[in-house]
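Residue-level structural notes
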Amino acid sequence: MSCQRYSRLVLSGAAAMRTVTHQQVRRNCNNCNKRGLSLVSCARQQVTIKESPVSGAARSPALKGITPSASHLVASLPDQEGLNVKFGDGSASQMPYVWLRDNCQCSKCYNPVALGRSFLLEDLDVNVHATKVQESEDGVEIEWSDGHSSQFTAEWLYDRAFTTSARAQQRNRYALSREPWGVEHKPAEFDYQTLMEDEKVLLDWLLTMETKGSALVKNTPNRDVAGPDLINNISFVKQSHYGPHSPVINRENTNNVAFTNVKLGMHNDLAQYEQMAGIIFIQCVMQHQGKGGESVISDGLLAAECLRRDHPEAFQVLTTTDAYFWDKGHANFPWEMESFFKISKRPIITLNNDNEVVCVAMNNGVRQSYLDLPSHKVKKFYAALKLFNDILYDNAIRFKMEAGDMMTLDNIRCLHGREGYEDFSPRHIESSYLDWDEARCRRRRLQEKLELFV
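Residues numbered from 1 in each chain as written. Predicted model: local features only at pLDDT ≥ 70, side-chain atom pairs only at ≥ 80, totals over all residues. Heavy atoms only, no water.

The backbone phi angle of Asn 219 is positive, close to 60°, even though this residue is not glycine. For Asn 219, the location among the structural elements is in the loop between β12 (214-218) and α8 (226-234). Although it is not a glycine, Glu 451 sits at a positive phi angle of roughly 55°. Its location among the elements puts Glu 451 in the segment after α12 (436-449). Taking the relative accessible area as the measure of exposure, Glu 451 reaches 41% and is therefore partly exposed. (Helix = DSSP H or I, 4+ residues; strand = E, 2+ residues; numbered from the N terminus. Buried < 20%, exposed > 50% of the residue type's maximum accessible area, 1.4 Å probe, protein only.)

Right, let's get into the nonpolar core. Counting residues in hydrophobic clusters, the biggest one holds 33 residues, and the most contacted among them are Leu 307, Leu 318, Ile 348, Ile 349, Met 362 and Phe 388. Contributing elements (two or more residues each) for this core: α9 (300-310), α10 (312-320), β17 (322-330), β20 (357-360) and α11 (378-394). Excluding anything up to four places from it in sequence, Leu 318 contacts Leu 307, Pro 347, Ile 348, Ile 349, Phe 381, Ala 384, Leu 385 and Phe 388. Among the nonpolar cores identified, the runner-up in size contains 24 residues, and Leu 202, Ala 215, Leu 230 and Ile 231 belong to it. (Core = buried A, V, L, I, M, F, W, Y, C linked by side-chain atoms within 4.5 Å. Contact = heavy atoms within 4.5 Å.)

With that settled, consider helix α7 (residues 199-211). In this model α7 runs 18 Å from its N-terminal to its C-terminal C-alpha over 13 residues, within 8% of the 18 Å that 1.5 Å per residue would give. If you check which residues of α7 are buried, you get Leu 202, Leu 203, Trp 205, Leu 206, Leu 207, Thr 208, Met 209, Glu 210 and Thr 211. Looking one or two residues beyond α7, the residue adopting positive phi is Gly 213, at roughly 80°. (Expected span 1.5 Å × (residues − 1).)

A separate point is the sheet that holds β12. If you walk across this open sheet you meet the 6 strands as β11-β12-β22-β15-β24-β13, and the pairing is mixed. The sheet is open, and its two edges are formed by β11 (188-191) and β13 (246-248), each paired on a single side. Each neighbouring strand pair of the sheet contributes to a mean axis angle of 25°, computed without reference to strand direction. Relative to strand β24 (residues 428-434), strand β15 (residues 279-286) runs antiparallel, the two being bridged by 7 bridges. Looking at the pairing, Ile 279 lines up with Leu 434 of β24. Lying on the sheet, α7 is in contact with β11, β12, β15 and β22 (406-410); it crosses β12 at an angle near 145°. (Pairing = 2+ DSSP bridges. Axes fitted to C-alpha atoms, helices over the stretch in contact; angles between N-to-C directions.)

Under the defined criterion, the tally for this structure stands at 11 aromatic pairs. The interplanar angle of 65° and the centroid separation of 6.0 Å between the aromatic rings of Trp 326 and Phe 341 together place this pair among those described as edge-to-face. With Trp 326 in strand β17 and Phe 341 in strand β18 (residues 339-347), this pair connects stretches of sequence that are 15 residues apart. Look at Trp 326 and you get partly exposed, because its relative accessible area is 32%. (Phe/Tyr/Trp six-rings, centres within 6.5 Å; stacked < 30°, edge-to-face > 60°.)

The next thing to look at is the side chain of Glu 305. Its place among the elements puts Glu 305 in helix α9. Looking at Glu 305, the relative accessible area reads 14%, which means it is buried. Side-chain polar atoms of Glu 305 contact the side chain of Arg 308, separated by 3.0 Å. (Polar contact = N/O pair within 3.5 Å; in protein donor to acceptor, adjacent residues only side chain to side chain.)

What follows concerns the sheet that holds strand β14 (residues 264-267). Spatially, 4 strands are ordered β14-β23-β16-β21 in an open sheet, and the strand pairing comes out antiparallel. Because the sheet does not close on itself, it has two edges, and the strands there are β14 and β21 (397-399). In this sheet, adjacent strand axes meet at a mean angle of 15° when their direction is disregarded. Taken together, the 3 bridges between strand β16 (residues 295-299) and β21 define a ladder with antiparallel strand orientation. When the bridges of β21 are listed, Ile 297 appears paired with Ile 397. Helix-sheet contacts for α9 involve β16 and β23 (414-418), and the interaxial angle to β16 is about 50°. Contacts from α11 reach β14, β16, β21 and β23 within the one sheet, and its direction differs from that of β14 by about 95°.

Working note: a packed helix pair is described by the angle between its axes plus the distance between those axes. In the contact formed by α9 and α10, the axes pass within 5 Å of each other and the chain directions differ by 125°. The angle between α9 and α10 falls in the class oblique. Residues Ala 304, Leu 307, Arg 308, Arg 309 and Asp 310 of α9 lie in contact with α10, whose contacting residues are Pro 312, Ala 314, Phe 315 and Leu 318. Across the contact of α9 with α10, the residue classes tally to 6 nonpolar, no polar and 3 charged. (Parallel < 35°, antiparallel > 145°, perpendicular 65-115°, else oblique. Nonpolar A, V, L, I, M, F, W, Y, C, P; charged D, E, K, R; others polar.)

Here it is as structure tokens:
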């Protein structure tokens, strides 16, 4: 069933969030801008404490007459479970005592160089509470029932407040909201050499990959390691048993059906791995001349949401039924693993705790014949799988790459396939991989460096 217009409706707020990501957000705290300070700087700050009674909810004398910035601490009122803090932008949050004590920033509890907690859970009293609270121009000091004391800057508290905006900001730092697409989608284009040399363009590609899951890189050099070279400019190549890159050609004595000339249905690469590759780089070194070799790609996120909306029972089957994927074989090239035998077990569609689609795993070539199911559930599984495949094709885009093109796809979201082509064709595609952990790491660092980090 076609959902070609559904991409305009699902996650409609994602585009707005991406716009915010591109903007520079800076907030002033007192007389200095601390929004861009690292945790190291925050941890090393010397805070001057001015005493006030525990029961005092009013601002300390040092704060009177000062117009607070957004993150400025206006008032702090302790109660039985936590510290109620009000900030300069009018937002307020309770800071639970157990959380504050766990995140003490003193040198005994937190290492400001390693940026890691030294305080141990075995030493944490979950019923810990404040015995004294002191406000200052820059934050607050708390004396604890366990005899310890902690200092927190207003900026630190503001960034980690249990408010809707602070929580949304942290989710955005973790991963950007994804924007589904259908048959009207046109992948954004980037120049290979510019990606290698211009960090702003590289950041734009990283943002595009997180939100749209697809992009086309043009003018890729005619060498089989052009993909790994670009990946190394970002972080590290994800190795598989096929090595750092895979020549997708019609091989003799092949170790995968992808390395033949037959039609390939839409699939995700390395579904046989417990941790699938995050981004796939598909480089066209030489294209088949004549009919055949065309590429087809589809957004698994859109297809999954279509399935959830229109066929909830099938969606339930594909999110709760595990399938086996496997890959067993031998090396075709010296850089491949001499012999391999991989098996993974996962649902076709994986959800997180928020019921969001986080991974799609479809690969007919390596889907194993074993099904860990009672026999009466097998037909329902196939019916749901076939329906999902139909939706993928109904919303797919088709094109034929030329030599020098490189398609980059979110491999745990988007699926790709190809039309068959004549035997003995010189068609030559190279594939290589990058993990999402490394891609998001580079995105965050570039946002910090270019002062575009929300």
